[in-house]
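Chain and residue survey
Read off the chains here:
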Amino acid sequence: MEPFTRLDAVAAPMPVPNVDTDQIIPARFLRKSRKDGYGQYLFRDLRFDADGKEKSDFVLNEAPYRGARILVADKNFGCGSSREHAVYALWDYGFRAVIAPSFGDIFFGNSFKNGFLPIVLPVEATAQLRGAIQAKPGARIIVDLAAQQVIGPDGTRHRFEIDAYRKECLLKGLDELDFTLAKRAEIAEFERRLAATTPWL
Amino acid sequence: MAAAPRTLLDKIWERHAVVEREDGRTLLYVDRHLIHDGSRRAFEVLGERGLPVSRPDRTFGTPDHYVPTTSRDIASIDDADRRQMVEAIGRNAAAHGITVFGLDDPRQGIIHVVGPEQGISQPGMVLVCGDSHTSTNGALGALAFGIGASEVSHVLATQTLWQSKPKAMRIAVEGQLVAGVTAKDVILAIIAKIGAGGAVGHAVEYVGSAIRGLSMEGRLTVCNMSIEAGARAGMIAPDDATIAYLEGRPYAPEGAQWEQAVAHWRSLPSDPGARFDREVALDAAEIVPMMTWGTSPEDAAAITGRVPDPAAIADPERRAVMVKALDYMGLTPGMALDGIKVDRVFIGSCTNSRIEDLRLAASIAKGRKVAPTVQAMVVPGSGLVKRQAEEEGLDRIFTEAGFEWRHAGCSMCVGMNGDLVAPGARSASTSNRNFVGRQGPGARTHLVSPAMAAAAAVTGAFTDVRPLLQG
Ligand code: SF4
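Along each chain, residue indices are assigned from 1 in the same order as the chain's sequence is written. All chains are assigned letters beginning with A, and all ligands numbers beginning with 1, in the order in which they are written. Only residues with pLDDT of at least 70 are given local features in this predicted model, and only at 80 or more are side-chain atom pairs given and counted; all residues enter the totals for whole chains, interfaces and linings. Values reported for side chains reflect all heavy atoms of the structure, with hydrogen atoms and water molecules removed beforehand.

1. Concerning the overall build of chain B
Helix and strand assignments follow DSSP, with helices taken as H or I runs no shorter than four residues and strands as E runs no shorter than two, numbered in order from the N terminus. For chain B, the helix and strand inventory stands at 15 helices and 19 strands. Exposure categories follow from relative accessible area, calculated using a 1.4 Å probe and restricted to protein chains: below 20% of the type maximum is buried, above 50% is exposed, and the middle band is partly exposed. In chain B, buried positions account for 66% of the 471 residues. Contacts: residue pairs with any heavy atoms within 4.5 Å of one another. Looking at chain B alone, contacts between residues at least 24 apart form 76% of all its contacts between residues at least 6 apart. Each accessible area value is a Shrake-Rupley result obtained with a 1.4 Å probe; residue values ignore everything except the protein chains displayed when judging cover. Accessible area of chain B: about 15500 Å², with a carbon and sulfur share of 50%.

In structure tokens form, the structure reads like this:
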């Protein structure tokens, strides 16, 4: 996994609540191989019309936002289906972080597994950041994971919370599975206890 | 000192905590892991890392998302990518010794229909699946939740999962439901009330006399759509109905173990005085048949209502979202919901494809005809539901009325198998998501109960099902 430390990048605003994972990547692409990259499917039906032409009114098609690597969204981002492909699509397109007041739980968890950072900031802070990047299209936002800070284009600092272990995994690019495999003995012991107390399971 | 009263969630959580980390994350043991034809990627990860499946005996699966509903022959799937998804689950099952009900097995179906039907899902379990509607299984009194592909590979490799304990929310629905009002209307009313993000970070326990009064099928419908309110899980404490439902099911415990299991299940309901982080209450008598008008499940209203007017919304961002939704849906503010014309009717999905749903829809379809402008289909949730419906003659009622009668699968809920709603067409669907493009690019989905879907089919428009109830 690619480590996540500090990100200084163009941010794109998406002032829409409940952006579901069907929007992020429509179901018909889930059977495609990751080899060809999922970036082309990101927000497919919002970005392109039925003939595959770009829709000029979609934020990522506007020139200043084309190189965006941070998305500033609204509440309940990534709700809906558990498809991890939503994270793959954001990642392959070039995004590395999403800032929102709240997230779909499964999307939130999936993000960390791929080195992608979902940042929860209060509603007002998110709205303020969106306002700042809308006022100055192409403006940059800094995400400093070690310091747990988001720095807006005008220098405003917003602290965010993240649990310590997830933070460490991201900073070092570590995978949770290795950590769990090291707990095999404890799991085996647990299974013995379970077999004794609830044998029908 | 007496122990503090605990919730159903607390009891299951504590029993399954293998390791607790200082940061509050818990390594939870997984009793049952359900897989489907979308789980392929997780097996690839396992292969790449050279890891075996830790507990194939705790893993069960069936192909559902990509299966055709017109045939039971894998070779009939023209699209190579789709065919490979269905083939992969069979191959992985064989390679790892996992029980999978394949396309040729009558037990095949939508995984969340099959789990409870086979007695694989049981009270007190931690149950996961790489699918957000895993919450369905919580109707049996399990802690059941959806996970992503990386987590699926983690469970395959270790039979455990790192989780933070969700907060506890209690939703009480008290009173008596009106005739023609179903579990689907109850959950739509709940989501309309608390919002699509209303339960984010919470496990919801549904309580109250109206919930107790639901059959297991109805309870499965309610828990199914917990995720549409943002909940991590939905659950209903086990009671006599749960135990009666499980008795004799193929994977339910037997003999002395059955007695032992029942005693354990009886100890699971939340203790009196147990603390919940949030409480919500609804009056059952006030719930009427519901339908959605927008592109989020929270955009639900009574069939007796009207399309809302964005002009009445103060928040400019929220107003813009509503304008967009109505534009996509092709609706005008102030329009009566009753009377909106329908092109497609889909009765199926893990929300509403069980035998009780089909009986209800058939009771409306009986002796009537699908309107000539409407294409309607019924897709049972499993091969066994299909068989039972056929034994009861429901298939004939449907086909005589002009519905198509299909084989089991997810079908038009998500359209991954090619069962799609045409662009711009309006669909009355018993599924769970009315997202933009969910049933196909440009498809206009309205979520309803099976009774309301059948009523829309036979009248050609959304309409209050209550006057159509027969005998
Ligand atoms: S029926 Fe629909 S919601 Fe249920 S598992 Fe299948 S695709 Fe998902």
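2. Comments concerning the site of the ligand
Residue and element names in this part refer to chain B. Nearness of a residue to a molecule or strand requires only that one of the residue's heavy atoms be within 4 Å of it. Neighbouring the ligand are the residues His65, Ile110, His112, Asp131, His133, Ser349, Cys350, Cys410, Cys413, Val414, Asn432 and Arg438. The rule is simple: put a 1 Å grid over the protein atoms alone, call a set of points where a 1.4 Å probe fits but cannot get out a cavity, call an open set with protein on both sides within 12 Å along at least five of seven lines a pocket, and count a residue as lining if it has an atom within 4 Å of a point. Each molecule is checked against the cavity or pocket grid, and it sits inside if more than half of its atoms lie within 2 Å of the grid points. A majority-of-atoms criterion places the ligand in the largest cavity. For this classification, the nonpolar set comprises Ala, Val, Leu, Ile, Met, Phe, Trp, Tyr, Cys and Pro, the charged set comprises Asp, Glu, Lys and Arg, and every other residue, Gly included, is treated as polar. Across the shell around the ligand, the residue classes tally to 5 nonpolar, 5 polar and 2 charged.

3. Overview of helix H6 (residues 183–194) of chain B
Residue and element names in this part refer to chain B. To estimate how far a helix should extend, the number of its residues minus one is multiplied by 1.5 Å. In this model, H6 (12 residues) spans 17 Å end to end at C-alpha, consistent with the 16 Å of a helix rising 1.5 Å per residue. In terms of burial, H6 is a largely internal element, 10 of the 12 residues being buried. Those residues of H6 lying buried are Ala183, Lys184, Asp185, Val186, Ile187, Leu188, Ala189, Ile190, Ile191 and Ile194. Two residues or fewer after H6 comes Gly195, characterised by a positive phi angle close to 95 degrees.

4. Here we look at the pairing of strand S4 (residues 117–120) of chain A
Residue and element names in this part refer to chain A. Criterion used throughout: strands pair if DSSP finds at least two bridges between them. Note that strand S3 (residues 97–100) and S4 share 4 bridges and pair parallel. If you follow Ala97 over to S4, its bridge partner there is Leu117. With the strands pointing away from the viewer, any crossover whose connection runs clockwise from the first strand over the helix to the second is right-handed. Once the chain exits S3 it traverses helix H4 (residues 105–112) before rejoining the sheet at S4, and the crossover so formed is right-handed.

5. Focus on the pairing of strand S10 (residues 202–207) of chain B
Residue and element names in this part refer to chain B. Among the 6 residues of S10, 6 are classified as buried, and the element is accordingly described as predominantly covered. Because side chains alternate across S10, one face comprises the buried residues His202, Val204 and Tyr206, and the other comprises Ala203, Glu205 and Val207, equally buried. In this structure, strand S9 (residues 167–174) lies alongside S10, joined through 6 bridges in parallel fashion. Bridge pairing in S10 links Ala168 to Ala203. Remark: the S9/H6/S10 crossover connection has right-handed handedness. When S10 meets strand S11 (residues 233–235), the two strands line up parallel, connected through 3 bridges. The partner of Glu205 across the bridge, within S11, is Met235.

6. A few points about the environment of Gly37 of chain A
Here Gly37 of chain A lies in the loop between helix H1 (21–24) and helix H2 (44–47). Through-space distance from the C-alpha of Gly37 of chain A to that of Ala89 of chain A is 7.7 Å; in sequence the pair is 52 residues apart.

7. Some details on the pattern of salt bridges
Criterion for a salt bridge: a side-chain nitrogen of Lys or Arg within 4 Å of a carboxyl oxygen of Asp or Glu. This structure, assessed with the given rule, holds 43 salt bridges over all chains. A salt bridge links Arg130 of chain A to Glu317 of chain B; the nearest nitrogen and oxygen atoms lie 3.0 Å apart. With Arg130 of chain A in helix H5 (residues 123–135) and Glu317 of chain B in helix H11 (residues 316–329), this residue pair bridges two chains. A salt bridge links Lys11 of chain B to Asp271 of chain B, with the shortest nitrogen-to-oxygen separation between them at 2.8 Å. You can see Lys11 of chain B sitting in helix H1 (residues 8–16) and its partner Asp271 of chain B sitting in the loop between helix H10 (255–266) and strand S12 (278–283), a full 260 residues away along the chain. It is possible to trace a salt-bridge network through shared partners that takes in Lys113 and Glu176 of chain A together with Arg25 and Glu151 of chain B.

8. A word on the sheet that holds strand S2 (residues 25–29) of chain B
Residue and element names in this part refer to chain B. With antiparallel pairing, the 3 strands of this open sheet are ordered in space as S1-S2-S8. Every interior strand has two partners, whereas the edge strands, strand S1 (17–20) and strand S8 (160–164), have only one. Each neighbouring strand pair of the sheet contributes to a mean axis angle of 30 degrees, computed without reference to strand direction. Examined bridge by bridge, S1 and S2 share 3 bridges and lie antiparallel to one another. Looking at S2, one finds that Ala17 is bridged to Leu28. Throughout, an axis means a line fitted to C-alpha atoms (over the contacting stretch in the case of helices), and angles, computed between N-to-C directions, take values from 0 to 180 degrees. Sitting on the sheet, helix H5 (residues 149–158) is in contact with S2 and S8, with an inclination near 130 degrees to S8.

9. Structural notes on the interface of chain A and chain B
Taken residue by residue, the interface counts 51 residues in chain A and 65 residues in chain B. When the two sides are added together, the surface that chain A and chain B hide from each other amounts to roughly 4800 Å², 56% of it contributed by carbon and sulfur. Accessible surface is computed with a 1.4 Å probe, and the buried area is the amount of it that two parts give up when combined, taken over both parts together. Contact with chain B buries area across many residues of chain A, yet Arg31, Trp200 and Leu201 of chain A alone supply 18% of it, more than any other trio. Taken together, the connections running from chain A to chain B amount to 10 salt bridges. Notably, a salt bridge pairs Arg49 of chain B with Asp175 of chain A, separated by 2.9 Å at the nearest N-O pair. Within 3.5 Å is the distance limit for a polar contact, defined as a pair of N or O atoms, with the added protein rule that one can donate a hydrogen and the other accept it, and that residues adjacent in sequence qualify only through two side-chain atoms. Counting every contact that joins chain A to chain B gives 22 residue pairs in polar contact (both at pLDDT 80 or more). Among the elements of the structure, H1, H4, helix H6 (164–172), helix H7 (176–181) and helix H8 (184–197) of chain A are those that each provide at least two residues to the side of chain A that touches chain B. In terms of residue count, the dominant contributor to the side of chain A that touches chain B is H8 of chain A (7 residues).

10. Looking at the packing of aromatic side chains
Any two of the Phe, Tyr and Trp rings considered here, Trp counted by its six-membered ring, make a pair once their centres fall within 6.5 Å; the pair's planes then place it as stacked at under 30 degrees, edge-to-face at over 60, or tilted in between. All told, the structure shown has 18 aromatic pairs over all chains when counted by the stated rule. Judged by centre distance (6.4 Å) and plane angle (55 degrees), the rings of Phe101 of chain B and Tyr251 of chain B are tilted. On the criterion of sequence distance, the pair formed by Phe101 of chain B in the loop between strand S5 (99–100) and helix H4 (111–117) and Tyr251 of chain B in the loop between helix H9 (240–246) and H10 is long-range, its members being 150 residues apart. The class of Phe101 of chain B is buried, set by a relative accessible area of 1%. For the ring pair Phe398 of chain B and Trp405 of chain B, a centre distance of 5.9 Å and an interplane angle of 15 degrees mean the geometry is stacked. Assessed through its relative accessible area of 17%, Trp405 of chain B is described here as buried. Through pairs of rings, three or more aromatic residues link up here, namely Phe77, Phe103, Phe107, Phe108 and Phe112 of chain A.

11. As for the nonpolar core
Counting residues in each nonpolar core, the largest one holds 93 residues, and the members touching the most others are Phe43, Phe77 and Leu90 of chain A together with Phe398 and Phe403 of chain B. With residues near it in sequence (within four places) discarded, Phe403 of chain B still touches Ile347, Ala365, Val370, Ala376, Met377, Val378, Phe398, Ala454 and Ala457 of chain B. Working definition of a nonpolar core: buried Ala, Val, Leu, Ile, Met, Phe, Trp, Tyr and Cys residues. They are joined through side-chain atoms within 4.5 Å. Formed by 80 residues, the second largest nonpolar core is a distinct cluster that contains Ala93, Leu188, Ala231 and Ile236 of chain B.

12. Comments concerning the sheet that holds strand S6 (residues 126–129) of chain B
All names here are of chain B. Taken together, 5 strands build an open sheet; the order of strands is S5-S4-S3-S6-S7 and the sheet is parallel. Each edge of the sheet is formed by a strand with only one pairing partner; in this case those strands are S5 and strand S7 (143–146). Where strand S4 (residues 59–61) meets S5, 2 bridges bridge the pair, whose relative direction is parallel. Looking across to S5, one finds that Phe60 is bridged to Thr99.

13. A word on the layout of surface pockets
Estimates place the volume of the largest pocket at around 1300 Å³. Lining of the largest pocket is provided by 45 residues; of these, Gln23, Asp45 and Leu46 of chain A together with Lys324 and Val436 of chain B occupy positions nearest its centre. Elements supplying a minimum of two residues to the lining of the largest pocket: H1 and H2 of chain A together with H11 of chain B. Looking at the lining of the largest pocket residue by residue, the classes come out as 23 nonpolar, 8 polar and 14 charged. Grid points are joined across faces, edges and corners, and a volume is the space filled by probe spheres set on the points.

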